Amino acid sequence: MTLEAYLLLALLLFSMGLYAVLARHNLIAILIGVELMLNAANINFLAFNYFLHLDPAMAQIIVLFVIGLAAAEAAIALAIILKLYRKHQSIDVDAMRELRG
Amino acid sequence: MNIAFTLPFAVIVIGAFLAVTRSNILHAVFGLAISLVGVAGAFLALGSPFTAVMEVLIYVGGIAVTMIFAVMLSSVSSPAERGGFLRKSLAALVAGLFLAGGSLIIVNADFGAGNHLSTDAWSIQAVGRDLLDRFNLAFESLSLVLLLAIVGAIVIVRREPVLPADQDDAPEEEAA
Amino acid sequence: MSHSTLGLICLLAPLTAFFTALVGFRNNHRAAMATVLLSGLASALCALLLLAQHSPQPELVTRSWIHAGGVDIYFGLLLDGKTLIMGAVVAVITLCIQTYSLNYMATDPGRGRFFAFLALFEWAMLCFVYSPSLMQTFVFWELVGLASFFLIGFWYSKPSAVAAAKKAFIMTRIGDVGLFIGLILLFQSTHTLDILRLNATHFETTRIELITLLLFVGIVGKSAQFPLHTWLPDAMEGPTPVSALLHSATMVAAGVFLFARFHNLFMQAELTLTIVLCIATFTAVLSSTMAMVAKDMKRVLAYSSISQLGFMLMGLGAGSLFAGYFHLVTHAVFKALLFLCAGAYIHHYETNDIIAIGRAGGRKLRIVTAGLVIGGAALAGLPPLAGFFSKELIIGSLGHGHPRIFVIGALLASFMTAYYTFRMIFLVTRPNADSEASPDQEAPDHEADDHHAEGSLLPTHAPIVLLTLGAIGLGFLGDSIARLLGQSAHHPALAEMAPAIGVACFGVLLAWLDFGRSAAAQNGFVSRMPAVRRLFEQGWYLDALYKKLFVGLAQAIAGLLFGLENRGFDGGADGIASGTRAAGRTAAKAQTGRLQLYIGTSILLFAAAALYIGLGASR
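Model, not experiment: these values are computed from the prediction. (Residues numbered from 1 in each chain as written. Chains lettered and ligands numbered in written order. Predicted model: local features only at pLDDT ≥ 70, side-chain atom pairs only at ≥ 80, totals over all residues. Heavy atoms only, no water.)

Visitor: So, the overall build of chain B: which residues are in play, and what are the values?
Guide: A count of helices and strands for chain B gives seven helices and zero strands. Burial status across chain B gives 32% buried among its 176 residues. By element, 70% of the accessible surface of chain B is carried by carbon and sulfur atoms, the whole surface being about 10,100 Å². (Helix = DSSP H or I, 4+ residues; strand = E, 2+ residues; numbered from the N terminus. Buried < 20%, exposed > 50% of the residue type's maximum accessible area, 1.4 Å probe, protein only. Areas by Shrake-Rupley, 256 points an atom, 1.4 Å probe, with all protein chains shown as cover.)

Visitor: So what's going on with the overall build of chain C? Which residues, and what values?
Guide: The helix and strand inventory of chain C stands at 25 helices and two strands. Here chain C, with 619 residues, has 56% of them falling under the buried criterion. Taking the contacts inside chain C whose residues are at least 6 apart along the sequence as the reference set, 80% of them involve residues at least 24 apart. (Contact = heavy atoms within 4.5 Å.)

Visitor: Requested: an account of the packing of helix 1 (residues 3-24) of chain C against helix 2 (residues 29-52) of chain C, with residues and values cited.
Guide: Residue and element names in this part refer to chain C. Two elements in contact, helix 1 and helix 2, have axes separated by 8 Å at closest approach and are oriented at 165 degrees. It follows from the interaxial angle that helix 1 and helix 2 lie roughly antiparallel. Crossing of helix 1 over helix 2 shows left-handed handedness. Counting all contacts with helix 1, which are made through His3, Leu6, Gly7, Ile9, Cys10, Ala13, Pro14, Ala17, Thr20, Ala21 and Gly24, the residues of helix 2 involved are His29, Ala32, Thr35, Val36, Ser39, Ala42, Ser43, Cys46, Ala47, Leu49 and Leu50. When its residues are assigned to classes, the contact of helix 1 with helix 2 shows 14 nonpolar, eight polar and no charged. (Axes fitted to C-alpha atoms, helices over the stretch in contact; angles between N-to-C directions. Parallel < 35°, antiparallel > 145°, perpendicular 65-115°, else oblique. Left-handed = near helix turned anticlockwise from the far one by under 90°. Nonpolar A, V, L, I, M, F, W, Y, C, P; charged D, E, K, R; others polar.)

Visitor: Break down the interface of chain A and chain B for me, citing the residues and quoting the values.
Guide: Contacts between the two partners involve 70 residues from chain A, matched on the other side by 88 residues from chain B. Carbon and sulfur atoms make up 75% of the area that chain A and chain B hide from each other, which totals about 7,400 Å². By the criterion of area lost to chain B, the three top residues of chain A are Arg24, Tyr50 and Arg86 of chain A, representing 11% of everything that side buries. At the junction of chain A with chain B, the criterion picks out eight residue pairs in polar contact (both at pLDDT 80 or more). Those elements giving two or more residues to the side of chain A that touches chain B turn out to be helix 1 (3-23), helix 2 (27-52) and helix 3 (56-88) of chain A. Per-element tally for the side of chain A that touches chain B: the top contributor is helix 3 of chain A, with 24 residues. When its residues are assigned to classes, the side of chain A that touches chain B shows 52 nonpolar, ten polar and eight charged. (Buried area = accessible area lost by both parts, 1.4 Å probe. Polar contact = N/O pair within 3.5 Å; in protein donor to acceptor, adjacent residues only side chain to side chain.)

Visitor: How would you explain the interface of chain C and chain B if you had to name every residue and give the values?
Guide: Every contact between the two is made by 14 residues of chain C and, on the other side, ten residues of chain B. In total, about 920 Å² of surface goes out of reach between chain C and chain B, with carbon and sulfur atoms giving 79% of it. By the criterion of area lost to chain B, the three top residues of chain C are Leu604, Ala610 and Leu611 of chain C, representing 37% of everything that side buries. One can count zero salt bridges joining chain C with chain B. Remark: the boundary between chain C and chain B carries two residue pairs in polar contact (both at pLDDT 80 or more). Grouping the amino acids of the side of chain C that touches chain B by side-chain chemistry returns nine nonpolar, four polar and one charged. (Salt bridge = Lys/Arg side-chain N within 4 Å of Asp/Glu carboxyl O.)

Visitor: Describe the pattern of salt bridges, naming the residues involved and giving the relevant values.
Guide: All names here are of chain C. What the rule picks out here adds up to seven salt bridges over all chains. The partner of Glu142 in a salt bridge is Arg173, with the nearest N and O atoms 3.2 Å apart. On the criterion of sequence distance, the pair formed by Glu142 in helix 5 (residues 134-152) and Arg173 in helix 6 (residues 159-190) is long-range, its members being 31 residues apart. Among the residues examined, Arg173 registers a relative accessible area of 22% and is labelled partly exposed. Between Glu237 and Lys158 there is a salt bridge; the shortest N-O distance is 3.4 Å. Separated by 79 residues along the polypeptide, Glu237 in the loop between helix 9 (231-234) and helix 10 (240-249) and Lys158 in the loop between helix 5 and helix 6 bring together distant segments of the chain. On the basis of relative accessible area, Glu237 is assigned to the partly exposed category, the value being 25%. Judged by relative accessible area, Lys158 falls into the partly exposed class, the value being 33%. Look at the salt bridges and you will find they share partners, linking Glu142, Arg173 and Asp176 into a network.

Visitor: Can you break down the side chain of Asn26 of chain A residue by residue, with the values?
Guide: Topologically, Asn26 of chain A is positioned in the loop between helix 1 and helix 2. Within the structure, the side chain of Asn26 of chain A is placed 2.8 Å from the backbone nitrogen of Ile28 of chain A, a separation counted as a polar contact.

Visitor: Account for a nonpolar patch on the surface, naming residues and giving values.
Guide: Residue and element names in this part refer to chain B. A contiguous nonpolar surface patch, about 470 Å² in accessible area, is contributed by Leu144, Leu147, Leu148, Val151 and Val155. With respect to the element layout, Leu147 can be found in helix 6 (residues 136-157). When its relative accessible area of 49% is taken as the criterion, Leu147 is described as partly exposed. (Patch = residues over 30% accessible without salt bridge, like charges linked within 9 Å, V, L, I, M, F, W, Y side chains within 5 Å.)

Visitor: So what about the pairing of strand 2 (residues 71-79) of chain C? Which residues, and what values?
Guide: Residues and elements named next belong to chain C. Burial of strand 2 is extensive: seven of the nine residues sit out of reach of the surface. Alignment of strand 1 (residues 59-68) against strand 2, held across nine bridges, turns out to be antiparallel. What sits directly across from Val61, in strand 2, is Leu77. Hairpin connection of strand 1 to strand 2: two residues between the antiparallel strands, including Gly69 at a positive phi of 55 degrees. (Pairing = 2+ DSSP bridges.)

Visitor: Lay out the nonpolar core in plain terms, naming residues and giving numbers.
Guide: Residues and elements named next belong to chain C. Counting residues in hydrophobic clusters, the biggest one holds 197 residues, and the most contacted among them are Tyr130 and Phe262. Here the element with the most residues in this core is helix 15 (residues 321-349); it accounts for 21 residues. In contact with Phe262, other than residues within four places in its own chain, are Leu134, Leu186, Ile195, Leu198, Asn199 and Leu215. (Core = buried A, V, L, I, M, F, W, Y, C linked by side-chain atoms within 4.5 Å.)

Visitor: Can you lay out unusual backbone geometry for me, pointing to particular residues and giving the numbers?
Guide: Residues and elements named next belong to chain C. Of the consecutive residues Phe226 and Pro227, the connecting peptide bond is found in the cis state with omega at 5 degrees. Turning to its location among the elements, Pro227 is positioned in the loop between helix 8 (205-222) and helix 9. A positive phi angle, near 55 degrees, is found at His191, a position not held by glycine. Looking at the element boundaries, His191 is found in the loop between helix 6 and helix 7 (195-199). At Glu350, a residue that is not glycine, the phi angle is positive and equals roughly 55 degrees. As for its placement among the helices and strands, Glu350 is situated in the loop between helix 15 and helix 16 (354-359). For Glu350, a relative accessible area of 41% translates into the label partly exposed.

Visitor: Account for helix 20 (residues 458-473) of chain C, naming residues and giving values.
Guide: When the terminal C-alpha atoms of helix 20 of chain C are compared, their 22 Å separation across 16 residues agrees well with the 22 Å that a helix rising 1.5 Å per residue should span. Buried residues of helix 20 of chain C: Pro459, Thr460, His461, Pro463, Ile464, Leu467, Thr468, Gly470 and Ala471 of chain C, and no others. (Expected span 1.5 Å × (residues − 1).)

Visitor: For the confidence of the model for chain B, give the residues involved together with the corresponding values.
Guide: All names here are of chain B. Averaged over every residue, the pLDDT of chain B is 80; residues scoring 70 or more account for 80%. Considering each helix and strand of chain B separately, the mean pLDDT is smallest for helix 7 (residues 170-175), with a value of 44, and largest for helix 2 (residues 25-45), with 91. When the criterion is pLDDT under 50, residues 166-176 qualifies, and its contacts beyond four places in sequence or with other chains add up to seven contacts. (pLDDT = per-residue confidence, 0-100.)

Here you go:
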């Protein structure tokens, strides 16, 4: 397969994640969308490295770092969601509108 | 069509579709897990078994499970999807435009890509050596970030000690 | 020990002590004081050992710090005659003053902080003196000024002290601008920061004149020369040990030291030397007149410091490195001694007023009074004390190939110095309750005169005795100092010395007639001319003039701008303000608080850009 095919796959995955972020009410569902977008980026890293003959280990290490950071991000995000749930009795993103003008 | 590409492709798309459309949040998390297994397959096809294993271990084994926990702790009931259609179609429009624009760029761009790399070049040894040598600082920083994230998560969700006279905290107690 | 070890100990001991004392001063004054004292001892020992082991060639002990653009910026020590002598003087006097402060500051609630700042000052001053490069010189020149700011404003709850600290800082800063530009020009024309190499460079005349003039502006600020001298008398608001250490012996001498350091450069600039001579002579005379009428003991000494700094610059400007430098050393010793004596009186009688001190029985402090008399005699230039030799050399060097006016000015200042010094001495030692002199403030009565005598007086007396010996003996060390500087000591003939000795003796005699003899009115000849007295007392109205000139100018500009603002801008500003408020209220409606709307909007822009690029590429 070609590089373009993988890039299109990643783009599709990213767009689906974006849709989830934009359309869903549930904070956890939004978090799911973010994770999808992160994985799309990971696919891009590996694909570029695979086809463009760059530094072999570099992309893998970047992907590992992204996965690690995503784990940290998910832990914090879920903690915040739990806290918000306790405060608002809801995890609907529309309920968090305290910053409106 | 190449099975090493089409199979992960199908799994990713089906999983992601489930993840973004199911209104039951548990189903969505399962969809995410399926999609991530597909991503791991794509990693494998891109010649990196190590990251594929890590993907499954951390994402499917770690993050997805944590999400399920969170869903269960927040007594699941997903919010009613109000005002559904307009919101969804607008989101789909934006995402679709983004997809279209991106595809156009990708199709028209010339990346100068040649044959793919021989997979022998990226051994796990090379990754391990680089991780602890060239990227040692980043690696150690990441471990620190993870530690802080864990501690931070605990601090954030920790319940404030409830004073007996304090009536405001009572609803929170019921909620848990 | 090797020179580099000694040098490093000498420089790092005060720094270490500063941090230790700073950490400890809140709850353990004793520890802070002990650390600083130990570091002062270590520095003084190292500086003396370095002086004892000096080699005829300049020696560099440096560590590179930054290497940029072909220029090596390094820090370290340059060991040659000039730095070794000055370093030893600074370290020894600092040690004396730290010892003295043990008693002087014994009951002050901030004594830990005081000692910490003393250590900071010692570190900065030693680093400045031993500096091998322009960079280090400038950095520590400023740090010395900072330490001075802290120490003048040490009693920060006293508004006058705070104002004095600010004034000192700002006035010296005016000079530092000149210095900084001068250093930059110097670097630009030589591309080196190395002081030794700079001194060996030859410049074209106009360039070096500009550079040295700018350097001299910095010196004028730091060494309190006319017209930037007004900060030094005010700086006496600080504790007396500070005045002794910073504002007479060492810090204000930094400017003179800088002159000596770049003596070769100044010697190439004829015009600058003339200007230096003019300003130095004028300052020496001007500040002596002020000292003749001041009643505050510390102010008398402060004016005298300004005038003696003028003397040093006269010597250096006349081309005699040795004369100016020798006076710098001797002055550091006897002026520190005088300040310590003044501090002892002030501490004991709780007043600064000379007349009040005399009436309260000042001469009963025997050791202190002996120190005051000997230090005063040295300041007046009476043979065979330290000040005599150095002042003699300066007047001698002025006599060779310089216009008469400078010699006359020097002799006039010398006469006034003798007069005001002995005026002070006679007022303290021969009080006369019936005389016309009236103190500005009375000394508070003591029920028991020895209520200050708690603790040992050794820390007060030991430095005074040591410095007294220095004031007596230092004059005979001229030859060794000249050898260290690589100069030949010039021994003036008796005939050359006669006028200087004559005016000094005349000054003493006049002081005796006006203040000393038992029937004296104790009302000097200046005071009999009220207009002149007022002129002198007000410092020739320079402070008022500066205030009128600069503050008035600033206020005029401010007034003009205020009118413009009131009439012109206010209407417009109000319009803009109300317009902004309305616009804000409108724009706030877009802030829906809906996160997804924000993300969607920004992504939409991305998508549009992607489409634009993609379609453009496909065409």
